[in-house]
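Examination of the molecular architecture
Chain by chain, the residues:
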Amino acid sequence: MPSLCCVPNCRNNYKNTTNISVFKFPTEEEIKRKWTSAIRRKDFVPTKHSRVCIKHFTANDIVNSVTIYNQQTGEIVEAPLERKRLRAGAIPSQFPDLPRYLSTEATTSREGPEERGLYKRK
């Protein structure tokens, strides 16, 4: 039986849905606290059975393959992974079933007032 996602309103891996990858909570306390804070579940304490599905991570957070240097041939070989992994320090940030303001998107640097045309130098 696949593990269920513990994010509120997420129905992945439930009956009548396709099975997708899920990840355990990290063992490092600081990252675990960030995960718990990110999923916004009141009074939630993750257990060893708690999981978060792949849909709550950005594409940059997921590792699909590894790169290996072959010493015999001198070439770099890329090998696909059988099971997807998370990059170190990845934190869930995508929550499509929750209000938009709860999902964080990659932001670019802000423009200054000069670039936006709000400030004119004399």
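In the nomenclature of an unreviewed UniProt entry, the protein is known as THAP-type domain-containing protein of Larinioides sclopetarius. Regarding the protein, the UniProt comment filed under Sequence similarities (unreviewed entry) reads as follows: "Belongs to the THAP1 family." Entered under Subcellular location (unreviewed entry) in the UniProt record, the comment concerning the protein runs "Nucleus, Nucleoplasm".

A closer look at helix α1 (residues 29-39)
Within α1, burial applies to I31, W35, T36, A38 and I39. Seen from one end, α1 has its buried residues packed into an arc of 165°, which puts them on one side. Buried residues along α1 sit in contact with β1 (22-24), β2 (51-53) and β4 (75-86). Trailing α1 by a residue or two, R40 shows a phi angle of about 55°, which is positive.

Digging into the packing of aromatic side chains
Under the definition given, this model contains 4 aromatic pairs. Three or more aromatic residues joined by ring pairs make a cluster, and in this case those are F23, F25, W35, F44 and F57.

Considerations on the state of the cysteines
Should the sulfur atoms of two cysteines be covalently bonded, the bond is a disulfide. Within this structure, the stated rule accounts for 0 disulfides. Of all cysteine sulfurs in the structure, the one in C10 sits closest to C5, which takes part in no disulfide; the separation is 3.7 Å. Taking the relative accessible area as the measure of exposure, C10 reaches 3% and is therefore buried.

Cut-offs used in this document
Residues numbered from 1 in each chain as written. Predicted model: local features only at pLDDT ≥ 70, side-chain atom pairs only at ≥ 80, totals over all residues. Heavy atoms only, no water. UniProt positions renumbered as here; feature names shortened; annotations may be inferred. Buried < 20%, exposed > 50% of the residue type's maximum accessible area, 1.4 Å probe, protein only. Helix = DSSP H or I, 4+ residues; strand = E, 2+ residues; numbered from the N terminus. Arc of directions from axis to C-beta. Contact = heavy atoms within 4.5 Å. Phe/Tyr/Trp six-rings, centres within 6.5 Å; stacked < 30°, edge-to-face > 60°. Disulfide = S-S within 2.5 Å.

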